[in-house]
Amino acid sequence: MSSRKESATERWGPFAAWRAQHRIAAVSSWQRLLARPGSTCLIWLVVAISLALPGALLLTLDSVHRVTTDFDRGFQLSVMLETDATVSDVETIQSAITAWPEIDQVTFLHRDAALSQFAQQTGLSSVLLSLDRNPLPHTLLVAPVMPMSQQALEGLVGKLADLSKVGSVVANTRWMARLEKVLQVGWRWAWALGVAMMGGAVLVLVNTLYLDVAARKEEIRVVSLIGGSPAFVRRPFLYSGLYFGTGGGVLAAFGLWAFTAWVAEPVEALFLLYDHAKPLSGPGAAYPVALVSLGAIVGWMAALFATQRYITRLSAN
Amino acid sequence: MIEFDRVSRRFGDLDAIRNLNLTLARGEMAFLTGHSGAGKSTLLRLLLLLDRPTGGEIRVNGERTASIPARSVPSYRRRFGVVFQEHRLLFDRSVHDNVALPLVMAGFSPRDSARRVRAALDKVGLLGSEGANPAMLSGGEQQRVGIARAVVARPEFLIADEPTGNLDPQLSAEIMGLFEAFNQVGVTVLVATHDLPLISRMRHRIITLKAGLLATTVVN
């Protein structure tokens, strides 16, 4: 035709054309989603639950972990000296162990101070006053450098106990070790659950998108017959997948936020009982961003997977 | 120019096309005819690279189609406007969007694309139906939408496979008239049809296939 040259100038550059094709695919896929609000919402819910449930579990574990590191910071060993140890004995030991690298701080608690503290806390002052001598030993409150492994802590306890004039060392570290293990199990459990649920969401998405591809077979055939590239054919489906995943991610972020708000009050009350002021952190920015991006990636991948087989068969034809 | 040089296509023991030599000059209009099973559709499928020959070679403007890599097949197909017997319109979008499809692929700007769509619909006499759903149109009108889609991007070649198969004689004559009009502005046109009474009245070459062989080629 005489207008070949003219048509070349009327055409957009490759980038503008590519962008326009993307815009058309994005808009048409969005309209297609809105045309079926029921099934779209169901898919969003499936993705949201699969993301939010492990997300909530991880967030909880994260908070508990942070709280226990705070406990670590306040952790102390009580080194009880033998009853015949004098104040100068205590001070010798104190200055010796303060120099140890694994020890952060050593506080001397005089036996009299300990007795009055005990009397105050228990309300047994009259009984204690009737005793003819103070039954409590001098005590050194030892704060080790934290964090410290359970093994190192036990080594330190042994080392302290071996010093002369030391009666006993009290360190209730076992419950912490247990908690640590429970948390580890919890992490793995959350990850396993997360992977399984994401797998389920991917299968639901692939199935939905595959049905969509099958329902639009004729369109795909016509488009490729009149010169649509595989990328052009695939594009609207990729956008559908992206919308399904991202929508689910946004819903999951809202869900997680609602969950945190709902449990915040009782959990905070519980932790206040343990003199711990700010226990449960909210989802912050990292969790919503992670949920939405994960949803988007999963949706996009599912669409890629669902269309791959059909498109390959088509281009092989 | 389209050249078939000793082209064969074998399906198992059956030769759909055997040693076919055929040349279609630039700007020519020709009809391809023959009984069903004579190889008309196979020939068109080979030309559109929906299928590959088992022997011989096809050249388009001197380029061997066998040397076109898979990734270039879409842009090769965009050089052809294709009209199908069963229209193959998409009923989930308007007439306008159906016709605009090749322009979207070719990367025309929306404003320019809209102008071209209207021009193409005007040529086939359907300017008023731009916003309609193709399902609301009659068979003849749907076929004209299909033709508008085939010509909107101003292809070098216009290929039609039984475009009048489901239409009455008067509508068929109108459709053929449209093909002729496009041929007159320089498009190379190849129409596969078995509507002999109609095409024998037109002054174009008639290529007849018989059991995969070129039987006759007649110029009226």
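Note that this is a predicted model, so its numbers are computed, not measured.

Caption draft 1: Spotlight on the packing of helix 2 (residues 14-35) of chain A against helix 10 (residues 230-272) of chain A. Residue and element names in this part refer to chain A. With their axes 8 Å apart at the nearest point, helix 2 and helix 10 run at an angle of 50° to one another. In terms of orientation, helix 2 and helix 10 fall into the oblique class. Of the two possible hands of crossing, helix 2 and helix 10 adopt the one that is right-handed. Across the interface between the two elements, Q21, H22, A25, A26, S28, S29, W30, R32 and L33 from helix 2 touch F232, R235, P236, Y239, S240 and Y243 from helix 10.

Caption draft 2: Expanded view of the interface of chain A and chain B. With 23 residues of chain A at the contact, the number on the chain B side is 23 residues. Only helix 1 (4-10), helix 2 and helix 9 (217-225) of chain A provide two or more residues apiece to the side of chain A that touches chain B. No other element matches helix 2 of chain A, which puts five residues into the side of chain A that touches chain B. For the side of chain A that touches chain B, the class distribution of residues is 11 nonpolar, nine polar and three charged.

Caption draft 3: View of the domain arrangement of chain A. With domains assigned, chain A is organised as domain 1 (20-70 + 177-316) and domain 2 (77-168). Its C-alpha centre places domain 1 of chain A at a distance of 54 Å from the equivalent point of domain 2 of chain A.

Caption draft 4: Quick look at the sheet that holds strand 2 (residues 103-109) of chain A. All names here are of chain A. Taken together, the four strands give an open sheet; going across it, the order is 2-3-1-4, and neighbouring strands pair in antiparallel fashion. Each end of this open sheet is capped by a strand with a single partner; those strands are strand 2 and strand 4 (166-170). Mean inter-strand twist for the sheet, computed between neighbouring axes without regard to direction, equals 20°. Looking at chain direction, strand 2 and strand 3 (residues 139-144) are connected through six bridges and run antiparallel. Among the inter-strand pairings, V106 is bridged to a residue of strand 3, identified as V142.

Cut-off values and rules
Each residue is numbered by its place in its chain's sequence as written, counting from 1. Key to labels: chains lettered from A, ligands numbered from 1, both in the order written. Totals for whole chains, interfaces and linings use every residue, but because this is a predicted model, local features are given only for residues with pLDDT of at least 70 and side-chain atom pairs only at 80 or more, for both listing and counting. Each axis is a line fitted through C-alpha atoms, taken for helices only over the stretch in contact, and angles between the N-to-C directions span 0 to 180 degrees. What counts as a helix is a DSSP run of H or I of at least four residues, what counts as a strand is a run of E of at least two, and both are numbered from the N terminus. Roughly parallel here means an angle under 35 degrees, roughly antiparallel means over 145, roughly perpendicular means 65 to 115, and every remaining angle is called oblique. Left-handed describes a crossing whose near helix is turned anticlockwise from the far helix through less than a right angle; right-handed describes the clockwise counterpart. Contact between two residues is assigned when their C-beta atoms, built from the backbone, lie within 7 Å. Residues are grouped as follows: Ala, Val, Leu, Ile, Met, Phe, Trp, Tyr, Cys and Pro are nonpolar; Asp, Glu, Lys and Arg are charged; every other residue, Gly included, is polar. For the purposes of this description, domain bounds are those given by an automatic or database domain assignment. Strand pairing is assigned whenever DSSP identifies at least 2 bridges connecting the two strands.

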